[in-house]
Amino acid sequence: MGNAEVQSIHVHPVKAFRGLSPREAVVEPWGLAGDRRWTLIDDGGKVVTQREQPRLALAAAEPLAGGGVRLSAPGRAPLTVMVPEPEATVPVNIFGTKVEAVPAAAAAHAWCSAYLEAEVRLVHLDDPATRRPVDPGFALPGETVSFADGYPLLVTTTASLDALNSLVAEGDHAHEGPLPMNRFRPNVVVAGTEPWAEDHWSRISIGEVVLRAAKTSARCVVTTTDQDTGVRGREPLRTLARHRRVDGRLVFGQNLVPLSTGTIRIGDPVRVLG
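Residues numbered from 1 in each chain as written. Predicted model: local features only at pLDDT ≥ 70, side-chain atom pairs only at ≥ 80, totals over all residues. Heavy atoms only, no water.

### A short note on the sheet that holds strand 11 (residues 120-124)
Part 1 of the argument: Read from one edge to the other, the open sheet built from 5 strands follows the order 5-4-11-10-9, with strand pairing classed as antiparallel. Of all the strands in the sheet, the pair left with one neighbour each is strand 5 (47-48) and strand 9 (90-94).
Part 2 of the argument: Examined bridge by bridge, strand 9 and strand 10 (residues 97-103) share 5 bridges and lie antiparallel to one another. Bridge pairing links V90 to A101 in strand 10.
Part 3 of the argument: Helix 1 (residues 106-116) rests against strand 4 (38-42), strand 10 and strand 11 of the sheet, and its axis sits at about 135° to strand 11. (Pairing = 2+ DSSP bridges. Helix = DSSP H or I, 4+ residues; strand = E, 2+ residues; numbered from the N terminus. Contact = heavy atoms within 4.5 Å. Axes fitted to C-alpha atoms, helices over the stretch in contact; angles between N-to-C directions.)

### With respect to the side chain of K15
Part 1 of the argument: Here K15 is to be found in the loop between strand 1 (5-9) and strand 2 (24-28).
Part 2 of the argument: Not counting chain neighbours up to four residues away, the residues in contact with K15 comprise R36, W38, T39, V47, T49, I94, F95, F147, A148 and D149.

### Quick word on unusual backbone geometry
Part 1 of the argument: Residue P178 is reached from G177 by a cis peptide bond, and omega for that bond is -10°.
Part 2 of the argument: Checked against the element boundaries, P178 lands in the loop between helix 2 (158-169) and strand 13 (188-191).
Part 3 of the argument: One non-glycine residue, R185, lies in positive phi territory at about 50°.
Part 4 of the argument: Residue placement: R185 occurs in the loop between helix 2 and strand 13.

### Overview of the packing of aromatic side chains
Any pair of aromatic rings gets described here by the distance separating the centres and the angle formed by the planes.
Part 1 of the argument: Enumeration according to the criterion identifies 3 aromatic pairs in this entry.
Part 2 of the argument: Judged by centre distance (5.9 Å) and plane angle (90°), the ring pair of W196 and F252 falls under edge-to-face. Note that W196 is positioned in the loop between strand 13 and strand 14 (203-206) and F252 in strand 17 (residues 249-258), a separation of 56 residues in sequence. The two residues W196 and F252 agree in class, both being buried.
Part 3 of the argument: Ring-pair connections join several aromatic residues into one group, and the members of that group are F184, W196 and F252. (Phe/Tyr/Trp six-rings, centres within 6.5 Å; stacked < 30°, edge-to-face > 60°. Buried < 20%, exposed > 50% of the residue type's maximum accessible area, 1.4 Å probe, protein only.)

### Some remarks on the sheet that holds strand 2
Part 1 of the argument: Strand order in this open sheet of 3 strands is 3-2-18, and the pairing throughout is antiparallel. Every interior strand has two partners, whereas the edge strands, strand 3 (31-32) and strand 18 (262-265), have only one.
Part 2 of the argument: Note that strand 2 and strand 18 share 4 bridges and pair antiparallel. Pairing of A25 across the sheet is with I264, part of strand 18.

### Observations concerning the nonpolar core
Part 1 of the argument: By size, the foremost hydrophobic cluster in this structure holds 22 residues, and its most contacted members are F17, L40, L71, V81 and L122.
Part 2 of the argument: Taken together, the elements giving at least two residues each to this core come down to strand 4, strand 7 (69-73), strand 8 (76-81), helix 1 and strand 11.
Part 3 of the argument: Those residues in contact with F17, other than ones at most four positions away along the chain, are H12, L40, L56, A59, A60, A61, L71 and R185.
Part 4 of the argument: Within the second largest apolar cluster, 21 residues are counted, among which are A25, L153, V188 and L256. (Core = buried A, V, L, I, M, F, W, Y, C linked by side-chain atoms within 4.5 Å.)

### Topic: the pattern of salt bridges
It is possible for side chains of opposite charge to pair when their charged atoms get near one another.
Part 1 of the argument: According to the stated counting rule, one finds 10 salt bridges in the structure shown.
Part 2 of the argument: Among the salt bridges present, the one from D172 reaches R242, with a minimum N-O distance of 3.1 Å. One end of the pair, D172, is in the loop between helix 2 and strand 13; the other, R242, is in helix 3 (residues 237-243), with 70 residues separating them in the sequence.
Part 3 of the argument: Look at R242 and you get partly exposed, because its relative accessible area is 47%.
Part 4 of the argument: A salt bridge links R244 to D199; the nearest nitrogen and oxygen atoms lie 2.8 Å apart. Here D199 lies in the loop between strand 13 and strand 14 and R244 lies in the loop between helix 3 and strand 16 (245-246), a separation of 45 residues in the sequence.
Part 5 of the argument: Accessibility expressed as a relative area gives 23% for D199, which makes it partly exposed.
Part 6 of the argument: Linked by salt bridges that have partners in common, K15, R51 and D149 make up one network. (Salt bridge = Lys/Arg side-chain N within 4 Å of Asp/Glu carboxyl O.)

### So, the pairing of strand 2
Part 1 of the argument: The alternating pattern of strand 2 places A25 and V27 on a buried face, while none of E24, V26 and E28, on the opposite face, is buried.
Part 2 of the argument: Bridge count for strand 2 against strand 3 is 2 bridges, and the pairing is antiparallel. Bridging from a neighbouring strand, V27 pairs with L32 of strand 3.

### Looking at the environment of A163
Part 1 of the argument: Along the chain, A163 falls in helix 2.
Part 2 of the argument: You can call A163 buried: its relative accessible area is 19%.
Part 3 of the argument: Excluding residues within four positions of it along the chain, A163 makes contact with P195 and W196.

So this is what it looks like as structure tokens:
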């Protein structure tokens, strides 16, 4: 793979909120430390994401010591939310899977509901080691995940984005391109590969951490959402449907599961092990 290396790292403390771009991050068995340990749910317990609420792209969550978050969003005064005591849990429906989580303080529910103009609650995943298994069709025994869509880490490559943007430029909605990488909300962005190389990985190392590739990432309407404005377009789904349809899924990026833990950093070498 030549001189492939980590170009950027992205952590999303609250699922569907704006991400952070630290220079390094700790890889835990269930994902990057602090990534998607919080999520919003509706009054029926279903996870709320940018699929239903594209304005979540404009909300931010700054991580605090101890796992809390400081929420901010347009038109709202910031709110500090501490990790709730795990005295009682509520059921969370995340894409058909039931997971127990701990509700935040009432002030957090009120803040998020006022911003979205919809009744939602903020909940915290207190024990990622046991609460939510990875899809058993693509998991090894004991593997778990946070509130990420399905897998601990999502990796994308700059070469594949460049290739996709070239295809977008040839299509009916060329005016929407080139698209930035944040449309795909990855955890790790790798530079220095061939386009679509990640499709064929089975095991890689990022610095000192070894990860296995679980499956390519199926993409949804969130990728059509401008992460700076919350406005939706047609790309990249139009182009992915023409050029990147695999088993009925529109794919971009690779889902990874850690086989070891450690710290990854911008500039770390990325090696294909198998």
